[in-house]
Amino acid sequence: MSRAFSLALKQKIDETLARYPEKRAALLPVLHLVQNETGFISAEDERTVAALLDIKPIMVREVVTFYTMFNQKPPGRFHIRVCTNLSCSLAGGEKMVDYLKTRLGLQPGQTTPDGKFTLTEVECLGGCDQAPCLMVNFDHFGNLDRDKIERLLESLK
Amino acid sequence: MNAEQKILTRDLGPENLHRIDVYLQNGGYRAVKKALTHCQPGPILEEIKKSGLRGRGGAGFPTGLKWSFVPQETDTGKYLCVNADEGEPGTFKDRFILGHLPHLLIEGVIIASYAVGIPTAYVYIRGEYETLARRLELAIDEAYEKGFLGKDILKSGFDLDLFVHRGAGAYICGEETALLESLEGKRGYPRLKPPFPAKVGLFQKPTVINNIETLANVAPIILYGADWFLSRGLPNEGGTRLFGVSGAVTKPGLYELPVGTGLREIIFTHAGGLKPGRKLKAVIPGGMSAPLLKADEIDIKMDADSVAAVGSMLGSAAIIVIDDRTPILTVLKKIARFYAHESCGQCTPCRLGSAWILKTVDRMAGGEGEPGDIDALARLAANIQGRSLCPLGEAESLSVLSIAHKFRDELEDSLKNRAIIQE
Amino acid sequence: MPKIIIDGISLEVEEGMTILKAAERVGVHVPRFCYHPAFVPEGSCRLCYVEIEGCSKLELSCSTVVKDGMNIATRSPRAVAARRSVLEFLLAEHPLDCPICDKAGECKLQDYAWEHGLVESEFREVKEKREKKIPIAARLVLDRERCVLCTRCVRFLEEITATRELGLFERGIRAEVSTYHGELVQTHYSGNLADLCPVGAITDTEFRFKARTWFLAPAESICPLCSRGCHIYIDYHSGFPRQPGSAKVYRIRPRVNDAVNGPWICDMGRYGFVDRQQNNRWSKLCWNKRDPKTELNWEKALDLIAARIRSLREGEGKPPGRITMILTSWLTNEELYLIKKMFQQELNVTDIYFADPKPGAGDDFLLRPERSPNRRGALEMGYDLKPVVMETAVRDTDMLLVFGPFIGESFTAEEMKDVIVDIPAKILITSHESGLESLFDFVLPSAFISEKSGSLTNIDGRIQKFRAAVPQSGSAKPEWEILLELAKALPVFADRLGRWKDPFSIFEDMGKEVPFFGIRT
């Protein structure tokens, strides 16, 4: 299935390319731009990005599979990344993780059937002073307890 | 520490300090003006050397010395990379600086670049800090508008371009050469050293890589002098650190305190001690890569040499406090899983060793451990130590070894009781 | 020039040389997986550790440059312990496939594990399960359980062919070598990947499960399929302890020669060689006039041919009969020399043409468009390599003598039949079928290059000698032997026949008479 990049996206990509002496260096920022628009990096996207950066598609895929933030399939509208590292765990984080799994009916890596939520377990998010914490898409939420999680989930429309 | 003694957090009163108008109103960019209009690069570099400023990302390498390794010639192109990949578990100080003091960071970048003769700088920011990246991009735009970035800054003849570059979820990219690979659009595989980045770095050109907090200290040093900076810390290690305390304490948070402040004081005086009903079991003093200290080992000063003397490291000054209600097997499991997950996979010992360690720890934590497993873990860790391509393997091995050694009794009990750790 | 000591041996080497390369100079092999002389050192396998006197840390020999005065121990207890631990890590996740793995016997993991005494495993966990039979090229499969992630295959396709058809995906213990969404490796140097792989992760599908490597005897030879003349090993199985009849060439591999092909060969040569060795061979001595496909012996056949040649030369009262020859530049230098002496000089034959394989596509690496190995040799021998135009060439000739099957590429049996039917004597000397055999009176089976000794001259003028690697197929004889026996039967140059026992003695005389071949390779 062909998926052309929007004009706005192409423009942002061009601006990004201009910041580096080698086009390949723009790969991670460009993949973020693409993913912000399309949600994930498809095989087609790999080829399109490769062509724009004068590199081979396999080099794009090598990067997509190395970095955990690049999605190879569409995520839910709200991607919940919950920290399972030490400081959050010491602050009761595991209970939050279990609560989310039960509440959403998801194992880590899965998406709800209605396509609303994806749950991922991640390592330290740098929010240890507000442990336990999680991210929803690009927003950070800390000092979690069950109530806060409930209210957060309610607010996500 | 009273406000006057602080360096980074002395002027946090005003709101929106991340906006350049507020920042300028508060006396911001004086250091840049002083450096570019009144100083030559050479003396600036000397001042930084004299200040004893050390890297605050984890390795603690003397900053002035690092800058001086870059060749003087300017015709080949040079780069400055700001390491904003903050991934060391327990560390959240760079997030703070990015959120509240992006212009202080930009000042440091400008002065550092001026001192070393660098025309292009990139901030490599971890992908998860997207909202902070946008804030930083806004601050950079503001700096360009006011003429602090771009061509002929403050009519000094010095040009500097600064760009934000996002990572995408790989702790290994906090290692300086893996950061370079990632900035070049590749998988974050650390490089062999030598050659060192100061000679062969980004795009094969001489490159300086500095942590955010390190660069945030540059402007104050230039403004108030090396002696001033040294006086706020120790004679051989000046300044303050943003100590990040987390874990089972009542007041987790960032505490800017002099280098050399006692660890016990940080935990019990500043961070409010353990949560009610809990006792101290162990402390990780410098981010997960630092070996553990037992409860009776925390009467040390938090400076690089003192912590190294007790077999750990100051690292990112991220203090993780572990209480007596947390099984040490939980800690071990978190550590094993973290390194196995973040290992880039390039070199044999770390790729296979971290997986083997995780499998063993998981089995132990699942109640299927055998008495010989503790020795097995120690042997595996010792086999990774000194044999991996980059410090990640080293960090894992020392961390695991410290637990196997210092908490052997508790581990043996867990195994005997076939304790199962749920996490 | 730095002076160093390696394992007690003193040596002086060039500035900038690595310890590993210096060690090879004195015959010391430092174990390694990721290092390969054709690639930039990677330093990821961590096997090549050595101990340097005065250094607290062990150093990687693949990427550490020697300094004057270094005293290096490659097998000190510390270095061995480090290496052993790396091997232990690899073996822990390695499948116990040796009994069914083709690489057994030439597997570096086996060899090093044996050297380091790794016999018992301390791994008590569950091994990773991965895919074991992934097609990555037309004739290659990848076994991810066996893969040690030395990344040589990926880097070959990056640094040598620049086609980047394999990549590294995922991270950590999940890291794996992969094609791009199943797209097979297309480069026609793909066969080198199986050689490069230090373990049995990349295997050749035609060789899979066919032979144990320790029953293969490698012999040195030259690939004849183009004019590059790459250096090869022929891996031959003599049939023991299997049943007779299965004696054959199983595969060829590159033989390192820095001046010709480096450590590589192309797929056309690699797979084509074995194909030519086994298939469409002509191994029977035939005399079609007597009985269709009657077999007879060499002595009789050559006597008859010699008699006919004599009668053509000694016709009373009439001019000598005409002999037309169609040669091929698949003949060795020695064979072309013999023909020159016997037929051109002694028998005054002037109608000499060449029929060679049609040129193919070349590349900017090893493969040459010229698909025969010795056109240069023929030119230097003085032949003018006239291609054969069948109608004019054989008009009014009394004897047609054809070497090689290659006229069959230009002419069908139908086309040839009418043209040559009236020639009184027609002899074909060939190693392979061409479909034209029934048109000739005599068909003499000749040897393939693996079955004879001699020399060939490659496109760059390199004279490359080789020895017979495998026994003759059927009744076949090398052309030089056929020619010498014919010379004896005629007879011509009896004085030299005593001296010319083998191609090497012929080479000596050849060098004296034709200056070009006086050059020593």
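Conventions and cut-offs
- Residues numbered from 1 in each chain as written.
- Chains lettered and ligands numbered in written order.
- Predicted model: local features only at pLDDT ≥ 70, side-chain atom pairs only at ≥ 80, totals over all residues.
- Helix = DSSP H or I, 4+ residues; strand = E, 2+ residues; numbered from the N terminus.
- Buried ≥ 20, exposed ≤ 12 C-beta atoms within 10 Å, placed from the backbone.
- Contact = placed C-beta atoms within 7 Å.
- Domains from an automatic or database assignment.
- Nonpolar A, V, L, I, M, F, W, Y, C, P; charged D, E, K, R; others polar.
- Pairing = 2+ DSSP bridges.
- Axes fitted to C-alpha atoms, helices over the stretch in contact; angles between N-to-C directions.
- Parallel < 35°, antiparallel > 145°, perpendicular 65-115°, else oblique.
- Left-handed = near helix turned anticlockwise from the far one by under 90°.
- Expected span 1.5 Å × (residues − 1).

Student: So, the overall build of chain A: which residues are in play, and what are the values?
Tutor: On a plain count of helices and strands, chain A comes out with seven helices and four strands. Along the chain direction, N to C, the helices and strands of chain A fall in the order α-α-α-α-β-α-α-β-β-β-α. Projecting the C-alpha coordinates of chain A onto the three principal axes gives extents of approximately 50 × 30 × 25 Å. Per-residue burial over chain A gives 45% buried out of 157 residues. Considering only residue pairs separated by 6 or more positions, chain A has 56% of its internal contacts joining residues 24 or more positions apart.

Student: Which residues make up the domain arrangement of chain C, and what values go with them?
Tutor: Often, the extent of an interface is quoted as the loss of accessible area upon association of its parts. Domain boundaries in chain C define domain 1 (3–92) and domain 2 (286–518). For domain 1 of chain C versus domain 2 of chain C, the separation of C-alpha centres amounts to 53 Å.

Student: Break down the interface of chain C and chain A for me, with residues and values.
Tutor: In this complex, chain C contributes eight residues to the contact, which on the side of chain A involves nine residues. Of the residues belonging to the side of chain C that touches chain A, the class tally is three nonpolar, two polar and three charged.

Student: Before we move on, can you summarise the interface of chain B and chain A with the specific residues and values?
Tutor: Opposite the 45 residues of chain B that make contact, chain A presents 34 residues. Only α7 (130–145), β3 (161–166), α8 (176–183), β5 (240–247), β6 (253–258), β9 (318–323) and α14 (328–342) of chain B provide two or more residues apiece to the side of chain B that touches chain A.

Student: Residue-level account of the environment of Asp373(B), with values.
Tutor: Assignment of secondary structure puts Asp373(B) in helix α16 (residues 373–384). Each C-alpha atom of the pair Asp373(B) and Gly150(B) lies 59 Å from the other, and the pair is 223 residues apart in sequence.

Student: Run through unusual backbone geometry, naming residues and quoting values.
Tutor: Geometrically, the link from Ala131(A) to Pro132(A) is a cis peptide bond, its omega value of -5° lying close to zero. Relative to the elements of secondary structure, Pro132(A) occurs in the loop between β2 (117–122) and β3 (134–136). The peptide bond linking Leu490(C) to Pro491(C) adopts the cis configuration, its omega dihedral lying at -5°. Of note, Pro491(C) is situated in the loop between α13 (479–489) and α14 (494–497). A positive phi angle, near 55°, is found at Ala317(B), a position not held by glycine. Structurally, Ala317(B) can be placed in the loop between α13 (304–309) and β9. Using a count of 33 C-beta atoms within 10 Å as the deciding quantity, one classes Ala317(B) as buried. Positive phi, normally seen in glycine, also occurs at Arg418(B), with a value near 50°.

Student: Explain the domain arrangement of chain A residue by residue, including any values.
Tutor: Split by domain assignment, chain A resolves into domain 1 (7–66) and domain 2 (78–155). One C-alpha centre belongs to domain 1 of chain A, the other to domain 2 of chain A; they are set 29 Å apart.

Student: Lay out the pairing of strand β7 (residues 280–284) of chain B in plain terms, naming residues and giving numbers.
Tutor: Residue and element names in this part refer to chain B. The buried fraction of β7 is high, at five of five residues. As judged from the four bridges shared by β7 and β9, these two strands associate in the antiparallel manner. Its bridge partner lying in β9, leucine 280 is registered against aspartate 323. Examined bridge by bridge, β7 and strand β8 (residues 293–294) share two bridges and lie antiparallel to one another. Following the sheet pairing, alanine 282 is matched in β8 by lysine 294.

Student: Would you mind going over the sheet that holds strand β11 (residues 216–222) of chain C in detail, with residue names and values included?
Tutor: All names here are of chain C. Overall, antiparallel pairing links the three strands, which are arranged β11-β12-β13 in an open sheet. Two strands lie at the open edges of the sheet, namely β11 and β13 (248–254), each paired on one side alone. Across this sheet, the average inter-strand angle for adjacent strands is 30°, counted without regard to direction. Note: β11 against strand β12 (residues 231–237), seven bridges, orientation antiparallel.

Student: Give me the pairing of β12(C): which residues, what numbers.
Tutor: Side-chain positions along a regular strand alternate between the two faces of the sheet. All names here are of chain C. Judged by how many residues are buried, β12 sits mostly within the fold: six of seven residues are covered. Sheet analysis places β12 next to β13, joined by six bridges and oriented antiparallel. Bridge assignment links histidine 237 to a residue of β13, and that residue is lysine 248.

Student: Describe the sheet that holds β6(B), and please don't skip the residues or the numbers.
Tutor: Residues and elements named next belong to chain B. One open sheet accounts for five strands, arranged β6-β5-β9-β7-β8; its pairing is mixed. Single-partner strands in this sheet number two, and they are β6 and β8. Examined bridge by bridge, β5 and β6 share six bridges and lie antiparallel to one another. Bridge assignment links valine 245 to a residue of β6, and that residue is glycine 253.

Student: Could you give an account of helix α3 (residues 43–53) of chain A, with specific residues and numbers?
Tutor: All names here are of chain A. Among the residues making up α3, those that are buried are Asp45, Glu46, Thr48, Val49, Leu52 and Leu53. Looking at the packing, one finds that the buried side of α3 touches α1 (7–17), α2 (27–38) and α4 (57–66). A positive phi of about 55° marks aspartate 54, the residue just after α3.

Student: Outline the packing of α16(B) against helix α17 (residues 391–406) of chain B, supporting the account with residue identities and numerical values.
Tutor: All names here are of chain B. Look at α16 against α17: their axes get within 8 Å of each other, and the N-to-C directions meet at 155°. Between α16 and α17, the angle falls in the class roughly antiparallel. When you trace α16 past α17, the crossing you get is left-handed. Residues Ile374, Leu377, Ala378, Ala381, Ala382 and Ile384 of α16 form the contact with α17, whose own contacting residues are Gly393, Glu396, Ser397, Val400, Leu401 and Ala404.

Student: Quick one: what's the story with α14(B), residue by residue and with numbers?
Tutor: Relative to the 21 Å expected for 15 residues at 1.5 Å per residue, α14(B) spans 21 Å between its end C-alpha atoms, a close match to the ideal helical length. Counted residue by residue, α14(B) has 15 buried out of 15 residues, so it is predominantly covered.

Student: Requested: an account of the packing of helix α2 (residues 30–38) of chain B against helix α6 (residues 102–116) of chain B, with residues and values cited.
Tutor: All names here are of chain B. Interhelical geometry of α2 versus α6 gives an angle of 10° and a closest axis separation of 9 Å. The angle between the axes of α2 and α6 places the two elements in the roughly parallel class. Two packed elements cross with a definite hand, and for α2 against α6 that hand is left-handed. Only Glu107, Ile110, Ile111 and Tyr114 of α6 make contact with α2, whose side of the interface consists of Ala31, Val32, Ala35 and Leu36. Along the lines of polarity and charge, the residues of the contact of α2 with α6 split into seven nonpolar, no polar and one charged.

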